[in-house]
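A structural walkthrough
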Amino acid sequence: MRVIKSPEHLSEALSRFRKRGKQVGFVPTMGYLHEGHLFLVRRARKENDIVVVSIFVNPTQFGPHEDFKRYPRDLKRDRKLLRRDHVDYLFLPSRSSIYPKYFNDVVDPGPLARYLCGPKRPGHFRGVATVVKRLFRIVHPDRAYFGEKDYQQSRMIEALVQRFRMPIKVRTCPIVREKDGLAMSSRNRYLSRRERISARSLYQSLLQAKKLIRAGERDVSVIKKMARSVLLPYLSKIDYIELVDPDQLTPLRKVQSRVLIAIACYVGSTRLIDNILVKV
Ligand code: AMP
């Protein structure tokens, strides 16, 4: 595995492969890797000749009171895991190489950022769209891999690729969970032992909501109320519980043939998100 810090060097190395008709798969991450990330890496490995993983904790997607500074980092361990999964290039750009002094390509995240996490994290999706476009311009992947864990992010990136007519296939992979159902996340490491147990309630509440839908309930307010009642004893704050159209992310009043149930809430001071797609 080659570790490259300079965007120019990476572009150069990859263009040589591209000229020989090799396919490039790309997995952008913020590091502190877990099995969720590695699932994306393995899928990229299966579907491409060359696999590139980036680790960049993107400052522009964090709000002023969010956890940018204390976001967990363990590069040594990450390198080992990526080497074990036969990654070809680990891209470790510096902040100034992603955002040079006169950088002005700030990207509008589009209408999908109006819903769910958008209003709760102002500027977050603008930061994501901006960094992803910048990374895509450096790597020029044939395929890019994202997790359903960040469902809204994946949808927004699919839309972004279409909007800028980038010849990139966006692959969205299923959520990898711990044994008790908690969606894997780098932020889970903030949880105390008690909070870790409380955090199970997110998936529990999604499953209960799904069960209610399967039992025939179609009224979104009834389903939300039930999901909230599962969460409330365990959580310090619920940012939202929403049932939305899985493509447009617009809120629903009645359950339709496909519905995304999405939750964002705080366990102690840690903000967690989770979701489930239900087809009826
Ligand atoms: P992050 O490092 O948190 O920015 O995540 C990098 C990529 O890994 C994103 O596309 C995430 O959606 C994806 N990811 C994170 N956690 C999981 C998970 N538990 N299962 C599947 N994909 C995940």
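Provided above is the structure to which this section pertains.
Notes on the structure follow.

Conventions adopted
- Residues numbered from 1 in each chain as written.
- Predicted model: local features only at pLDDT ≥ 70, side-chain atom pairs only at ≥ 80, totals over all residues.
- Heavy atoms only, no water.
- Near = heavy atom within 4 Å.
- Polar contact = N/O pair within 3.5 Å; in protein donor to acceptor, adjacent residues only side chain to side chain.
- Areas by Shrake-Rupley, 256 points an atom, 1.4 Å probe, with all protein chains shown as cover.
- Helix = DSSP H or I, 4+ residues; strand = E, 2+ residues; numbered from the N terminus.
- Nonpolar A, V, L, I, M, F, W, Y, C, P; charged D, E, K, R; others polar.
- Pairing = 2+ DSSP bridges.
- Axes fitted to C-alpha atoms, helices over the stretch in contact; angles between N-to-C directions.
- Contact = heavy atoms within 4.5 Å.
- Salt bridge = Lys/Arg side-chain N within 4 Å of Asp/Glu carboxyl O.
- Buried < 20%, exposed > 50% of the residue type's maximum accessible area, 1.4 Å probe, protein only.

**Let's talk about the site of the ligand**
- As a structural note, the neighbourhood of the ligand is formed by 17 residues, with Met-30, His-37, Asp-150, Val-176 and Met-184 the closest of them.
- Between the ligand and the protein, one listed contact pairs an oxygen atom with a backbone N or O atom of Met-30 at 2.9 Å.
- His-37 places a polar side-chain atom, nitrogen or oxygen, 2.9 Å from an oxygen atom of the ligand.
- When the free accessible area of the ligand is taken as 480 Å², the share hidden by the protein chains comes to 93%.
- At three residues, the largest contribution of residues to the shell around the ligand is made by helix H2 (residues 35-47).
- Of the residues belonging to the shell around the ligand, the class tally is nine nonpolar, six polar and two charged.

**Notes on the sheet that holds strand S8 (residues 258-267)**
- As summarised here, the arrangement of the three strands in space is S7-S8-S9, forming an open sheet in which the pairing is antiparallel. At either margin of the open sheet sits one strand with a lone partner, and together these are strand S7 (237-244) and strand S9 (270-279). Across this sheet, the average inter-strand angle for adjacent strands is 10°, counted without regard to direction.
- When S7 meets S8, the two strands line up antiparallel, connected through seven bridges. If you follow Ile-238 over to S8, its bridge partner there is Cys-265.
- Contacting S7 and S8, helix H10 (residues 220-231) runs over the sheet at an angle of about 150° to S7.

**With respect to the pattern of salt bridges**
- Going through the model one piece at a time under the given rule, you end up with 16 salt bridges.
- Asp-85 is paired through a salt bridge with Arg-42; the nearest N and O atoms lie 3.2 Å apart. Highlighted residues: Asp-85 in the loop between helix H3 (75-84) and strand S4 (89-91) and Arg-42 in helix H2, separated in sequence by 43 residues.
- Given a relative accessible area of 15%, Asp-85 falls into the buried group.
- Among the salt bridges present, the one from Arg-45 reaches Asp-88, with a minimum N-O distance of 2.9 Å. Of this pair, Arg-45 sits in helix H2 while Asp-88 sits in the loop between H3 and S4; the two residues are 43 residues apart in sequence, bridging distant segments of the chain.
- You can call Asp-88 partly exposed: its relative accessible area is 24%.
- Through salt bridges that share partners, Glu-35, Arg-42 and Asp-85 make up one connected network.

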